[in-house]
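Architecture and fold: a report
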Amino acid sequence: MKKRKIKGDGAWGYAFIAVALVVFAVFTAYPVASAFIISFQEYKPLGSTFIGFDNYTNTFSDALFWKSVVNTIVYTVLTVPVALFLSFAVAILILPLKKWLQTTFKAVYYLPAVASGVALSVVWLWIFDPMSSGIFNKLIGFFGISNQNWLGSSATAMFSLVFMSWLSSHGTSIIIYLAALLGIDGSYYEAAELDGASFLQKMWYIVIPCLKPTTLFLLVTGVIGSFQVFQNAYLMTGGGPDNATTMVGLLIFNNAFKYFEFGKAAAQSLILAVIIAGIAMVQFKFLGNDVEY
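Residues numbered from 1 in each chain as written. Predicted model: local features only at pLDDT ≥ 70, side-chain atom pairs only at ≥ 80, totals over all residues. Heavy atoms only, no water.

Before going further, it helps to examine the pattern of salt bridges. Applying the stated criterion across every chain yields a total of 2 salt bridges. For Lys264, the salt bridge identified is with Asp62, shortest N-O distance 3.4 Å. Here Lys264 is found in helix H14 (residues 262-287), whereas its partner Asp62 is found in the loop between helix H2 (54-60) and helix H3 (63-94), with 202 residues between them in sequence. Given a relative accessible area of 18%, Asp62 falls into the buried group. With its nearest N and O atoms 3.1 Å apart, the salt bridge here joins Lys202 to Glu193. (Salt bridge = Lys/Arg side-chain N within 4 Å of Asp/Glu carboxyl O. Helix = DSSP H or I, 4+ residues; strand = E, 2+ residues; numbered from the N terminus. Buried < 20%, exposed > 50% of the residue type's maximum accessible area, 1.4 Å probe, protein only.)

Structure representation (structure tokens):
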């Protein structure tokens, strides 16, 4: 009877997770396996041709692919550290407030995260409007600077996307940082105050070490999200001008749904996955040695 009961409990356990397993298999496992197969083919809806590693060799010899990788790296380096710093700074400022004020600020900062990305892009297109009606051009006009084509110039297009990222929603990171700050034992601060530690010393010797697991998590997820950036470049610049803002995600989209080179797009997506996995492993290797999970 005991053995039958254990088997019955196990069956019920599998029954409860069956829906999640089916969703994972249909929407994650199958697409990845299908992309792997397609990457070795010249894909056609009515009959594909096996071409071996041609899609990979063509990708590695494609100058535009490497330019998109460089653009993505530049975008990541300029956005992720600043986003972490801003989220940490805001969380520090919210921490001393009363609980109802903390809740209010968390709601305010998180609100843009639930807004439509298309709607936010429309607002930013108005801000970067190259005519005198654009907000940025109005601001620089007070200093006697002529109108700038922020999104239409190779010199300013990437900076415009980076600046947009700096001022976009950091609500999730702020909430995670604030939760981690609230989890630090107050006895650490009391001991530091008895030793006469300053605010900066508390930050350096208590807060930053205690938040290292949180920072590592946000850094890894931030880099992954930044390498997969698509929406901003697609809606704001379309990858231009002169491919100055073409990211890897946008290049894969164009190859698949603009030029219908599905095999090449699948190969590039798998290469991007390997790059992201390699960067994540390096981050865990050098930044996660003394982190307890």
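In this model, H14 (26 residues) spans 37 Å end to end at C-alpha, consistent with the 38 Å of a helix rising 1.5 Å per residue. Of the positions making up H14, those classed as buried are Gly263, Lys264, Ala265, Ala266, Ala267, Gln268, Leu270, Ile271, Leu272, Ile276, Ala280 and Gln283. (Expected span 1.5 Å × (residues − 1).)

Burial in helix H5 (residues 117-127) covers these residues: Gly117, Ser121, Trp124 and Ile127. For H5, the angular spread of buried residues about the axis comes to 110 degrees, placing them on one side. Of the surrounding secondary structure, the elements contacted by the buried residues of H5 are helix H6 (135-141), helix H7 (157-166) and helix H12 (231-236). (Arc of directions from axis to C-beta. Contact = heavy atoms within 4.5 Å.)

Turning to the packing of helix H9 (residues 186-194) against helix H10 (residues 199-210), a few remarks are in order. Two numbers describe how H9 lies on H10: the axes approach to 11 Å, and their chain directions differ by 165 degrees. Our classification of the angle between H9 and H10 gives roughly antiparallel. Crossing handedness for the pair H9 and H10: right-handed. Between H9, through Tyr188, Tyr189, Ala192 and Glu193, and H10, the contact on the second element is made entirely by Lys202, Ile206, Val207 and Cys210. When grouped by side-chain class, the residues that make up the contact of H9 with H10 number 6 nonpolar, no polar and 2 charged. (Axes fitted to C-alpha atoms, helices over the stretch in contact; angles between N-to-C directions. Parallel < 35°, antiparallel > 145°, perpendicular 65-115°, else oblique. Left-handed = near helix turned anticlockwise from the far one by under 90°. Nonpolar A, V, L, I, M, F, W, Y, C, P; charged D, E, K, R; others polar.)

Take the nonpolar core next. Phe88, Tyr177, Leu181, Val207 and Leu211 are the most contacted members of the largest nonpolar core, which totals 37 residues. Of the residues forming this core, the biggest block, 9 residues, is contributed by H3. Other than its neighbours up to four places away in sequence, Val207 contacts Phe88, Ile92, Leu181, Ile184, Tyr189 and Lys202. In this structure, Trp150, Leu161, Val229 and Met236 belong to the second largest nonpolar core, which totals 17 residues. (Core = buried A, V, L, I, M, F, W, Y, C linked by side-chain atoms within 4.5 Å.)

The peptide bond linking Gly240 to Pro241 adopts the cis configuration, its omega dihedral lying at -5 degrees. By the secondary structure assignment, Pro241 is in the loop between H12 and helix H13 (248-257). Even without glycine at this site, Asn243 takes up a positive phi of about 60 degrees. Tracing the sequence through the fold places Asn243 in the loop between H12 and H13.

Looking now at a nonpolar patch on the surface. Residues Val123, Trp126, Ile135, Leu139, Phe142, Phe143 and Ile145 make up a contiguous nonpolar surface patch of roughly 780 Å² in combined accessible area. Among the elements of the structure, H5 and H6 are those that each provide at least two residues to the nonpolar patch. Looking at the secondary structure, you find Val123 in helix H5. Assessed through its relative accessible area of 41%, Val123 is described here as partly exposed. (Patch = residues over 30% accessible without salt bridge, like charges linked within 9 Å, V, L, I, M, F, W, Y side chains within 5 Å. Areas by Shrake-Rupley, 256 points an atom, 1.4 Å probe, with all protein chains shown as cover.)

So far we have only geometry, and geometry alone does not tell us how the molecule works.
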